[in-house]
Amino acid sequence: MSSSEHSSRPSSRAESTDSGDSSNERIQGSGQQKKKHHPYVTYRSLASSQLEAGPSMLNEYFAQQPKRDLYEAPPEHGNDEQPMQQQQEGTETPILQTIQRQGSSNRQGPAAAALLRSRQGMEIGSSGDRDKEAHGQRPEIQSSFTKPARVTRGPGILSSADEDALAADPSIDDDDVTGRKIENEIRRLMRQVHLSDESAEMHGMSERPEELQSIAQALVTCMELRDKYMALSQQQERANSKNNSCWKIYPPPPKSAWNNFRYRSSCSPTLDFDMADCEIPEDDGCTFEMGADGLYAVYEPSDNGEKVQFTNAPSIKEFYMDLNFLLDTISDGPIKTWAFQRLRYLDARWQLYILLNEREETTQSKLVPHRDLYNVRKVDGHVHLAAAMNQKHLLRFIKYKLRTEPDRPVIVRDGRTLTLREVFESLNLTAYDLSIDTLDMHAHKGAYHRFDKFNLKYNPIGESRLREIFLKTDNYTDGEYFAQITKEVISDLEQSKYQMAEYRVSIYGRSPEEWDKLAAWVIDNKVISSNVRWLIQVPRLYNVYRSSGLVENFEQVLVNLFQPLFEVTKDPSSHPKLHVFLQRVVGFDSVDDESKPERRLHNKYPLPRDWSQEGNPPYTYYCYFTMANLCALNQWRTRRGFNAFVFRPHSGEAGDTEHLAAAFLTAQSISHGILLRKVPALQYLYYLQQIGLAMSPLSNNALFLIYERNPFNTYFQRGLNVALSSDDPLQFHFTKEPLMEEYSVAAQIWKYSSVDMCELAMNSVIQSGFEAEVKRHWIGRDYLETGQTEVHKTNVPLCRLNYRSKTLEQEHALISKMTEHKKV
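These numbers come from a predicted model, not from an experiment. (Residues numbered from 1 in each chain as written. Predicted model: local features only at pLDDT ≥ 70, side-chain atom pairs only at ≥ 80, totals over all residues. Heavy atoms only, no water.)

(A) Region of the structure containing the overall build of the protein. Along the backbone of the protein there are 35 helices and 16 strands. Taken across its 824 residues, the protein has 52% of its residues classed as buried. In the protein, once contacts between residues fewer than 6 apart in sequence are set aside, the share between residues at least 24 apart is 75%. Working note: accessible area of the protein is about 37600 Å², and carbon and sulfur atoms make up 48% of it. (Helix = DSSP H or I, 4+ residues; strand = E, 2+ residues; numbered from the N terminus. Buried < 20%, exposed > 50% of the residue type's maximum accessible area, 1.4 Å probe, protein only. Contact = heavy atoms within 4.5 Å. Areas by Shrake-Rupley, 256 points an atom, 1.4 Å probe, with all protein chains shown as cover.)

(B) Structural view of the packing of aromatic side chains. As enumerated under the stated definition, the model contains 40 aromatic pairs in all. Considering the side-chain rings of F554 and F625, the 6.3 Å spacing of their centres and the 65° angle between planes classify their relative orientation as edge-to-face. Of the two residues, F554 is situated in helix α22 (residues 554-570) and F625 in helix α24 (residues 619-640); the sequence distance between them amounts to 71 residues. Linked through ring pairs, Y229, F319, Y320, Y542, F554, Y605, W611, Y621, Y622, Y624 and F625 together constitute an aromatic cluster. If you follow K307 out to its NZ or CZ, it ends over the ring of Y299, 4.8 Å from the centre. Geometry around Y508 places R510 over its ring, the cationic atom sitting 4.3 Å from the centre. (Phe/Tyr/Trp six-rings, centres within 6.5 Å; stacked < 30°, edge-to-face > 60°. Lys NZ or Arg CZ within 6 Å of the ring centre and 35° of its normal.)

(C) Region of the structure containing α22. Its 17 residues give α22 an end-to-end C-alpha distance of 24 Å, which sits within 8% of 24 Å, the value for a rise of 1.5 Å per residue. For α22, the tally of buried residues reaches twelve of 17 residues, placing the bulk of the element in the interior. Every buried residue belonging to α22 is among F554, E555, V557, L558, N560, L561, F562, P564, L565, F566, V568 and T569, and all of these are buried. (Expected span 1.5 Å × (residues − 1).)

(D) Looking closely at the environment of E742. Within the element layout of this structure, E742 appears in helix α30 (residues 738-750). Along the primary structure E742 and S725 are separated by 17 residues, whereas in three dimensions their C-alpha atoms are 7.1 Å apart. If we ignore the near neighbours within four places in the chain, the residues touching E742 are P697, L698, Y707, L724, S725, S726 and H733.

(E) Examining the nonpolar core more closely. Within the largest apolar cluster, 197 residues are counted, with the highest numbers of intra-cluster contacts made by Y503, W534, I536, F581 and Y686. The leading source of residues in this core is α24, at 13 residues. Not counting the four nearest positions on each side in its chain, W534 is found in contact with L385, Y503, V505, V522, V527, F581, R584, V585, V586 and G587. (Core = buried A, V, L, I, M, F, W, Y, C linked by side-chain atoms within 4.5 Å.)

(F) A look at the sheet that holds strand β3 (residues 287-290). Ordered by their spatial adjacency, three strands build an open sheet running β3-β4-β5, and the pairing between neighbours is antiparallel. Of all the strands in the sheet, the pair left with one neighbour each is β3 and β5 (307-309). Strand-to-strand twist across the sheet, computed as the mean angle between neighbouring axes with direction ignored, equals 35°. Here strand β4 (residues 296-301) pairs with β5 via three bridges, running antiparallel. Looking at the pairing, Y299 lines up with Q309 of β5. α22 rests against β3 and β4 of the sheet, and its axis sits at about 175° to β3. Sheet contacts for α24: β3 and β4; angle to β4, the most-contacted strand, approximately 30°. (Pairing = 2+ DSSP bridges. Axes fitted to C-alpha atoms, helices over the stretch in contact; angles between N-to-C directions.)

Now the structure itself:
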């Protein structure tokens with residue numbers, strides 16, 4: 001921006017002060033309600049008419065613009081329509097003044113008269129309809145609703161006679177006439193059918209009133225069940241202590257390079273991590289133990305010396321009763337039909353919105369300085385650390401180590417310690433022989449519907465020895481090679497500045513020492529960055545551990561997973577490195593091949609200590625005991641002021657749709673979810689609750705579902721809370737920016753605009769587990785309190801947010817109205 005533009009800006013703003021006083025007062029007045037909690041606090045509530053548009057200068061600008069219906073014709077650029085009263089009093093409209101001023105032949109005659117009558121808002125209808133009105137008869141309106149509203153022709157809508165006049169004028173292009181006729185008819189139908197009467201949707205339904213009431217009550221009950229489990233497990237964002245204003249983020253995130261649209265020349269660099277700077281709290285005196293039901297309970301001492309339990313969790317019987325009710329609901333015929341119709345309605349509504357507002361979105365987006373797809377924050381919310389690099393990066397790293405450290409001992413085999421050179425000699429390979437094809441780690445056609453072959457792709461050259469040397473945290477070198485290549489991947493993230501990641505690292509549940517080893521690997525190697533948070537993935541491999549003799553029953557797996565976490569919550573000084581590491585852990589994931597068959601052999605599942613057979617427990621069993629133990633753990637950690645953990649499992653990638661139902665009750669958000677396309681009622685519930693879906697179309701394309709059939713685009717258009725993620729760049733991607741590779745392929749296949757991709761990027765931030773203070777900087781200062789984002793941070797226009805918000809609120813309002821609907 002030139003200096004002249006800087007100097008001219010204050011004067012122009014000063015000139016507009018008087019004219020904007022009323023608007024400014026209106027915005028300031030609404031600011032008193034800024035802390036009001038929206039009933040559905042998601043990013044789609046940002047543009048609600050009851051809430052302030054946002055604190056930024058650009059949000060104020062858009063908020064001061066006149067409110068316009070999403071289905072109303074946009075005003076002609078240059079002049080707005082004058083009020084109808086002024087036109088009826090004979091005041092000359094701007095278009096009439098333009099016609100008189102131009103005086104040219106192509107602005108006279110029937111075409112000009114037709115355009116003028118269109119702009120003056122004459123009533124819709126043919127000449128026959130107007131004749132009926134002249135004789136006191138009401139024109140017939142074809143509509144399926146019982147109460148069609150009287151619709152008057154708005155700006156840009158032509159009568160049939162005027163359309164004929166336009167068509168006969170040789171100076172008017174036929175395509176323009178046809179386009180105007182189509183657009184006017186769409187607007188007329190939208191006003192007549194969808195916006196004329198708020199209760200019209202109720203009258204247009206084919207179900208009987210009592211059916212509508214039972215459908216709505218069942219859906220409301222399902223949503224209440226989810227809210228119950230989220231509250232017990234402390235997975236709501238506002239309940240997490242790390243989102244409090246007093247939470248200290250160490251090391252602190254880097255400061256913004258721009259301040260008030262001016263470049264900040266001297267930015268303090270990010271501080272290096274030092275374990276000595278971390279505070280370690282003391283023991284709080286509470287005790288804990290695992291009960292016979294496989295759930296931990298926490299007790300506090302009382303004055304009379306007795307232990308008082310202050311944590312609670314749902315029983316396994318209660319969970320399975322609630323799960324059965326949910327499964328019965330989503331398999332009910334009338335509910336499936338009704339949900340399918342509502343999803344189709346969301347599809348049609350989206351198409352109409354884009355048809356009428358795409359140009360306005362582009363205009364608003366261009367007004368936002370500095371922001372575009374590359375300059376908005378994006379979080380890769382589903383990526384496994386062992387596959388976070390691409391093949392070329394791993395190949396280059398292996399060659400470098402083989403060339404610079406050939407004589408370093410790296411592994412023990414058959415009681416003998418082998419050097420790196422000896423390992424490759426045993427494979428009959430040299431550094432020159434290695435190539436991408438030799439590594440053979442990309443998931444090609446052979447891995448489609450073969451999850452076993454996909455897991456083997458984690459082994460370089462098909463050798464588990466190389467995976468242990470280079471891609472494991474617990475090995476002969478204490479994971480030094482893996483830490484080095486991970487820090488190189490993180491360095492690429494930091495250089496891109498606007499890309500973040502939540503890496504998944506494994507805790508298997510074979511031994512309680514796994515937690516301390518993982519924490520030491522992160523802290524000692526300083527694998528810490530402001531761009532990275534961690535999730536703990538727990539493979540569902542009890543059957544493997546049981547057959548190999550590592551555990552005797554399922555209770556031992558739960559003890560290995562949760563005992564160290566309760567110990568460090570009670571006394572952080574007992575595991576200081578684990579305490580510091582857990583401050584950067586977002587939550588837990590459950591991973592494995594979902595396509596494995598699960599035969600329900602029990603009417604009543606045995607308790608964990610009684611599950612001693614070699615068969616693997618079902619997916620729902622893992623989900624319940626993970627969530628139920630998180631209830632006690634999170635309640636205790638929140639009480640102590642520590643961060644709580646969420647449950648974000650892999651779900652709906654393959655297998656039974658029962659997995660998605662269990663995740664609906666127990667998980668904050670999920671990864672994949674492509675099987676929701678087969679369960680319309682459950683998909684509709686995911687939409688109403690705005691459950692996050694971190695989807696990876698390129699991963700699904702290689703394993704379970706070809707790209708063209710992936711439902712990601714359908715979910716996005718309907719308004720589900722979806723985001724793109726990379727899953728396993730080592731197997732599925734080719735560039736050093738796998739997340740941008742996902743965005744680019746999706747944009748090419750589904751013709752996404754810049755606004756679409758910026759909305760997906762904003763979704764990824766909302767789904768992520770970064771602290772609220774960081775999210776405020778990325779998407780909006782009042783995000784956590786009101787759900788509002790700022791246009792100049794996200795580059796998502798207010799008209800898009802307004803559409804998402806109104807659509808979601810209308811669906812909730814419709815269900816609420818159905819529950820109260822009674823047959824007259």
